[in-house]
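Residue-level structural notes
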Amino acid sequence: MIKQIYPIVSLPEANACIEAGVTVLGLNPVARPRGSVGEISYARAQQIIADVKDRCKVVVIALENDPQVILEKARLLRPDILHISGDRFCADRELVATCKRELPFMKIMQAVQVVDATAIEQAKTFGRFVDYLILDTGSSSDKGIGASGRTHDWNISRQIVDSCGVPVVLAGGLGCDNVQQAIRKVRPWGVDSMTKTNCPRPDGDRAKDLEQVWLFCRLADRAAPQ
């Protein structure tokens, strides 16, 4: 079971999360502060990516709405996975083709905000040209990063898993209290936790509650299909 954890904000935290069982580290690098959760500098992101590259996958979120800015971020940071989650831009065939040509090792993961059953057709469309999908809890006013700490209708997520044709990461309000139920219901390729594994009082070097991260990983593995 893939266990993806956002946001990692320092190298010591990255190393601790790997030891806890995290398989994909989520980074939110920004060129300039935007006010989004878990922001770190490009320089810090490069340090983390270089250090963990032989031990763990790294996903970088792109909240930008300009495909050229997204491409520049990918070219500079060269993550294993690029997570596209802008509120006005989604991955398209042109962007994916350019990424595959210039950065063939990098996978593209598109966010799908699950508001209602219309997310199923949206996911199928993206599934024709992206590598992964991440399903998060959406609302009519929140089409970007998600990070609401709320779950959504897992029946819809299960239909997406069964029909979209690419691996699916389930996000949206997952924590130690519900990750096993979510896995058994949705049968995703991976699970993502952010809000429910964050520290109550994060600082500049740590955003995650490492005990919660460790338990989340153990519970996810126990619930994974054999």
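Residues numbered from 1 in each chain as written. Predicted model: local features only at pLDDT ≥ 70, side-chain atom pairs only at ≥ 80, totals over all residues. Heavy atoms only, no water.

Our next topic: the overall build of the protein. A tally of helices and strands in the protein yields eight helices and nine strands. Its C-alpha atoms give the protein a radius of gyration of 16 Å, near enough to 17 Å, the size a compact globule of 226 residues would have. Counting only C-alpha atoms and orienting by the principal axes, one finds that the protein spans roughly 40 × 40 × 35 Å. For the protein, with 226 residues in total, the buried portion stands at 54%. (Helix = DSSP H or I, 4+ residues; strand = E, 2+ residues; numbered from the N terminus. Rg over C-alpha atoms; globule rule 2.2 N^0.38 Å. Buried < 20%, exposed > 50% of the residue type's maximum accessible area, 1.4 Å probe, protein only.)

A separate point is the pattern of salt bridges. This structure, assessed with the given rule, holds 11 salt bridges. Across the pair D51 and R55 runs a salt bridge whose closest N-O atoms are separated by 2.8 Å. A salt bridge links E121 to K124; the shortest N-O distance between them is 3.4 Å. Residue E121 and its partner K124 are both found in helix α5 (residues 118-126); the two are separated by three residues, about one turn of the helix. Taking relative accessible area as the criterion, E121 reaches 47% and is therefore assigned partly exposed. (Salt bridge = Lys/Arg side-chain N within 4 Å of Asp/Glu carboxyl O.)

Let us now look at the pairing of strand β1 (residues 2-5). Side-chain alternation along β1 places I2 and Q4 on one buried face and K3 and I5 on a second face that is also buried. Summarising the sheet, β1 and strand β9 (residues 190-193) pair through four bridges and their orientation is parallel. From the neighbouring strand, I5 faces β9, where its bridge partner is S193. Looking at chain direction, β1 and strand β2 (residues 24-30) are connected through two bridges and run parallel. Across the sheet, residue Q4 finds its bridge partner in β2, namely V24. (Pairing = 2+ DSSP bridges.)

Within the secondary structure, D192 is located in strand β9. Of the side chains with opposite charge, K208 comes closest to the buried, unpaired D192, at an N-O distance of 7.9 Å. Among residues more than four places away in sequence, those in contact with D192 are Q4, Y6, I134, V169, L170, A171, L174 and F216. (Lys, Arg positive; Asp, Glu negative; His and termini not counted. Contact = heavy atoms within 4.5 Å.)

Bringing the pairing of strand β6 (residues 107-114) into the picture now. Counted residue by residue, β6 has seven buried out of eight residues, so it is predominantly covered. Following the chain from strand β5 (residues 81-84) across helix α4 (residues 93-102) to the adjacent parallel β6, one finds a crossover that is right-handed. Pairing of β6 with strand β7 (residues 132-137), which is carried by six bridges, proceeds in the parallel orientation. Bridging across to β7, V114 finds its partner in T137. A crossover links β6 with its parallel partner β7, the connecting element being α5, and its sense is right-handed. (Right-handed = clockwise from strand over helix to strand, strands pointing away.)

With that settled, consider the environment of G138. Tracing the backbone shows G138 in the loop between β7 and α6 (154-163). Taking C-alpha positions, G138 is 8.2 Å from S148, a pair spaced 10 residues apart along the chain. Setting aside its immediate chain neighbours within four residues, G138 contacts Q113, V114 and V115.

Right, let's talk about helix α2 (residues 42-52) for a bit. Taken as a whole, α2 has its buried residues at Y42, A45, I48, I49 and V52. In a view along the axis of α2, the buried residues occupy a sector of 125°, so they form one face of it. The outward face of α2, more than 90 degrees from its buried face, is lined by the exposed residues A43 and A50. Taken together, the buried residues of α2 touch α1 (11-20), β2, β3 (39-41), β4 (57-62) and α3 (67-77). (Arc of directions from axis to C-beta.)

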